[in-house]
Amino acid sequence: MEQMILASGLDEFRTVRLLLDPPVGLVPTMGYLHEGHLSLIRAAKAKCKSVVVSIFVNPTQFGPNEDLAKYPRDLQHDLKLIEPLGVDLVWTPTVDVMYPNGFQTWVEVDTLTKRLEGEMRPGHFKGVTTVVAKLFNAVQPQKAYFGQKDAQQAAVIRRMTQDLNFPIEIVVCPTVREKDGLAMSSRNRYLEGEDRKAALVLFRALSAAKEVYEAGERNAEELRRKMKEVISAEPRAQMQYISCADYDTLEELETVKGKTLLSMAVLIGKTRLIDNFVLS
Ligand code: AMP
């Protein structure tokens with residue numbers, strides 16, 4: 001496409017989608033874009049003839065006490081950031097398009113979604129897999145791009161794609177960080193003053209565990225202990241979970257071998273942050 005097209009309704013979206021040359025790359029987002037999102041779009045652009053970005057704040061993946069109402073949104077700013085990247089189609093479906101009246105069809109991944117984030121945020125992944133499956137059906141991309149920042153989400157989407165035989169390659173791109181190490185997130189805007197500094201504790205804890213690993217430690221409990229120690233030293237931080245688990249199944253490990261995910265969720269004041277490192 002010569003020009004970036006913005007579509008909201010389903011018919012309008014489908015008309016433009018039919019004009020796109022394969023391979024088509026999809027980058028699903030909830031908007032309020034930052035460099036993390038843009039890195040996925042650039043990765044898609046490098047490998048795909050056509051790129052579709054979806055922007056949809058998906059209500060079903062937010063719990064009743066979560067930040068749906070105040071989740072940051074700024075479509076005009078998002079479009080300005082996307083425009084220079086050569087995206088073909090930006091789809092901003094409305095809630096009525098994604099969840100028509102009487103909606104009752106869900107996609108759910110089982111065991112993998114019960115751990116870590118799933119344990120803390122019941123129903124979250126059911127919302128994620130349902131909306132991503134719907135995006136996959138509508139866009140029919142050859143490739144779809146996700147961030148390592150949301151490691152469990154990426155693992156769940158990989159599982160769903162295999163289980164439902166979607167003919168889509170799932171590409172997971174590295175976490176983009178601020179200069180000081182804080183993983184970029186739309187929710188970082190909630191961090192003010194001292195909380196912004198305290199938020200670095202996630203990166204510090206992961207780096208400390210990685211250092212211990214690189215020095216030869218393979219006892220997973222030791223790596224978890226190291227992360228806990230660093231987090232407890234930060235008075236503004238309240239740990240929700242820390243994990244040293246198999247990269248694909250997310251089962252907690254006793255001994256580190258193969259591709260391993262160090263991950264955590266930490267409350268800094270009222271802001272909930274997640275981060276992870278991959279050991280391989
Ligand atoms: P969101 O808008 O938060 O739903 O994120 C949309 C996509 O961007 C997801 O695949 C995220 O994993 C990815 N993403 C978010 N933050 C980052 C980051 N700092 N680095 C890389 N990818 C990210």
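The structure this text deals with has already been given above.
What you are looking at is a predicted structure, and each value in this text was computed from that prediction instead of being measured.

Definitions and cut-offs
- Residues numbered from 1 in each chain as written.
- Predicted model: local features only at pLDDT ≥ 70, side-chain atom pairs only at ≥ 80, totals over all residues.
- Heavy atoms only, no water.
- Helix = DSSP H or I, 4+ residues; strand = E, 2+ residues; numbered from the N terminus.
- Buried < 20%, exposed > 50% of the residue type's maximum accessible area, 1.4 Å probe, protein only.
- Phe/Tyr/Trp six-rings, centres within 6.5 Å; stacked < 30°, edge-to-face > 60°.

### Some details on unusual backbone geometry
Turning to step 1, where the next piece is worked out: The step from Pro22 to Pro23 runs through a cis peptide bond, and the omega angle for that step is -10°.
Turning to step 2, where the next piece is worked out: If you trace the backbone, Pro23 turns up in the loop between helix 1 (10-17) and strand 2 (24-29).
Turning to step 3, where the next piece is worked out: Of note, Gln140 is a non-glycine position whose phi angle comes to about 45°, a positive value.
Turning to step 4, where the next piece is worked out: Within the secondary structure layout, Gln140 lies in the loop between helix 6 (124-139) and strand 5 (143-147).
Turning to step 5, where the next piece is worked out: Owing to a relative accessible area of 52%, Gln140 belongs among the exposed residues under this scheme.
Turning to step 6, where the next piece is worked out: Phi is positive for Asn165, which is not a glycine, with a value near 55°.
Turning to step 7, where the next piece is worked out: Assignment of secondary structure puts Asn165 in the loop between helix 7 (151-163) and strand 6 (169-173).
Turning to step 8, where the next piece is worked out: Asn165 sits in the exposed class, given a relative accessible area of 63%.

### A word on the packing of aromatic side chains
Turning to step 1, where the next piece is worked out: Per the stated rule, a full pass over the model turns up nine aromatic pairs.
Turning to step 2, where the next piece is worked out: Seen from their ring centres, Tyr99 and Phe103 are 4.9 Å apart, and the 80° between their planes marks the pair as edge-to-face.
Turning to step 3, where the next piece is worked out: In this structure Phe103 comes out as partly exposed when scored by relative accessible area, which is 24%.
Turning to step 4, where the next piece is worked out: With a centroid separation of 5.8 Å and 75° between ring planes, the pair formed by Phe203 and Phe277 is classed as edge-to-face.

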